[in-house]
Amino acid sequence: MTRFEEYAALARELSARQRGGEQAVAAEAARRRSLQGAVDQLGQRLAAQRQRLDQLGRAGGIDTPPEAPVPPAVAGSGPVAAGSTGPAADGAASVPGDPAAELAAAGRLADEADRYGREAEALAHRPVLLPTWSAPARAVAVYAGCALAGSVLMLALLVGSPVPVGGLDLVAAAACAGVPLLSFVAGQLVLARWGRPAIADGTPPGRYVPLGFVLCALLSSGFFCLYLVAFRLLR
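From a predicted model like this one, the values you see are computed outputs, not experimental measurements.

Asker: Can you lay out helix α3 (residues 99–124) for me, pointing to particular residues and giving the numbers?
Answerer: Across its 26 residues, α3 extends 37 Å between first and last C-alpha, which sits within 8% of the 38 Å expected from 1.5 Å per residue. Where α3 is concerned, the buried positions are Pro-99, Leu-103, Gly-107, Ala-110 and Ala-124.

This is the structure:
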């Protein structure tokens with residue numbers, strides 16, 4: 001092989017190595033751009049999650065803690081992969097582990113956070129009192145419970161009062177008029193306080209005023225009359 005041929009072979013080998021180096025540099029640059037895009041997308045997703053949690057906290061009356069400041073080493077540097085100890089410009093040798101795998105793990109954690117966020121939002125749109133019940137069933141249960149409690153309370157006051165037997169009719173009449181009203185007001189207060197969700201969707205909680213008044217009038221008077229009859233029979 002002549003010197004020229006040897007020189008040409010070395011030139012071709014150098015050119016091939018140069019092209020291989022350029023391809024490696026281009027592949028590394030593409031990998032870094034892909035990682036940076038994934039980091040940016042994950043950051044936007046986390047920022048959206050933070051904003052949504054802040055909205056849920058404010059709607060529920062919970063003060064959210066201030067957002068933690070970004071460390072200067074991260075804020076003023078180039079793209080940094082998860083788990084790295086310095087800027088990506090220092091080279092892949094300074095990054096422990098596989099950045100792509102760590103980003104994938106962070107993405108899975110973000111998916112889990114989204115799932116828990118959706119569950120929390122669904123719970124926030126449900127009332128505290130009997131959350132799995134429908135609104136009419138909840139109202140019926142509340143008014144019936146208030147009517148029962150009111151009639152028992154009035155019976156206890158009647159039994160413990162020093163009213164003569166002849167004056168029981170007057171007390172019973174007053175009780176039959178007052179117990180339904182008090183039970184209805186108590187049911188209204190309970191539904192207004194615990195019958196509404198932590199985060200309302202714009203519609204006021206259903207109190208079912210006519211239904212509540214009828215239930216309290218019938219149940220309170222009926223319970224009280226039964227108690228009064230039993231009380232007279234036992235004397």
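Asker: Before we move on, can you summarise the nonpolar core with the specific residues and values?
Answerer: In this structure, Ala-139, Val-142, Tyr-143, Cys-146, Phe-184, Leu-191, Leu-215 and Cys-216 together form the largest nonpolar core, which totals eight residues. Those elements that place two or more of their residues in this core are α4 (135–160), α5 (168–194) and α6 (209–234). Examining the composition of this core, we find that four residues originate from one element, α4, more than from any other. Non-local contacts of Val-142, meaning those with residues more than four positions away in its chain, are made with Leu-129, Gly-187, Val-190 and Leu-191.

Asker: Could you give an account of the side chain of Ser-151, with specific residues and numbers?
Answerer: Along the chain, the position of Ser-151 falls in helix α4. On the accessibility criterion, Ser-151 (0% relative accessible area) is buried. Each residue touching Ser-151, except ones within four places of it in the same chain, is listed here: Val-179, Ser-220, Phe-223, Phe-224 and Tyr-227.

Asker: With reference to specific residues and values, describe the packing of aromatic side chains.
Answerer: When we look at a pair of aromatic rings, we describe it by the centre distance and by the angle of the planes. Applying the stated criterion across every chain, the model contains two aromatic pairs. When the centroid spacing of 6.1 Å and the interplanar angle of 10 degrees are considered together, the rings of Tyr-143 and Phe-184 count as stacked. Of this pair, Tyr-143 sits in helix α4 while Phe-184 sits in helix α5, and the two are 41 residues apart along the sequence. Accessibility expressed as a relative area gives 0% for Tyr-143, which makes it buried. Plain terms: the ring middles of Phe-184 and Phe-213 are 5.6 Å apart, the flat faces sit at 85 degrees to each other, and that makes the pair edge-to-face. With Phe-184 in helix α5 and Phe-213 in helix α6, the pair connects residues that are 29 residues apart, well separated along the chain. For Phe-184, a relative accessible area of 12% puts it in the buried group. A cation over a ring is seen here: Arg-115 above Tyr-116, with NZ or CZ 4.6 Å from the ring centre.

Asker: Could you give an account of a nonpolar patch on the surface, naming the residues involved and the relevant values?
Answerer: A surface patch of nonpolar side chains, amounting to about 220 Å² of accessible area, comprises Val-140, Tyr-208 and Leu-211. Take Val-140: it is sitting in helix α4. You can call Val-140 partly exposed: its relative accessible area is 35%.

Asker: Run through the pattern of salt bridges, naming residues and quoting values.
Answerer: A side chain of one charge can pair with a side chain of the opposite charge when the charged atoms of the two come close. Counting across every chain of the model gives seven salt bridges. Among the salt bridges present, the one from Asp-111 reaches Arg-45, with a minimum N-O distance of 2.2 Å. With Asp-111 in helix α3 and Arg-45 in helix α1 (residues 3–59), this residue pair connects regions lying 66 residues apart in the sequence. By relative accessible area, Asp-111 is classed as partly exposed at 41%. On the basis of relative accessible area, Arg-45 is assigned to the partly exposed category, the value being 29%.

Each value, and the rule that gives it
- Residues numbered from 1 in each chain as written.
- Predicted model: local features only at pLDDT ≥ 70, side-chain atom pairs only at ≥ 80, totals over all residues.
- Heavy atoms only, no water.
- Helix = DSSP H or I, 4+ residues; strand = E, 2+ residues; numbered from the N terminus.
- Expected span 1.5 Å × (residues − 1).
- Buried < 20%, exposed > 50% of the residue type's maximum accessible area, 1.4 Å probe, protein only.
- Core = buried A, V, L, I, M, F, W, Y, C linked by side-chain atoms within 4.5 Å.
- Contact = heavy atoms within 4.5 Å.
- Phe/Tyr/Trp six-rings, centres within 6.5 Å; stacked < 30°, edge-to-face > 60°.
- Lys NZ or Arg CZ within 6 Å of the ring centre and 35° of its normal.
- Patch = residues over 30% accessible without salt bridge, like charges linked within 9 Å, V, L, I, M, F, W, Y side chains within 5 Å.
- Areas by Shrake-Rupley, 256 points an atom, 1.4 Å probe, with all protein chains shown as cover.
- Salt bridge = Lys/Arg side-chain N within 4 Å of Asp/Glu carboxyl O.

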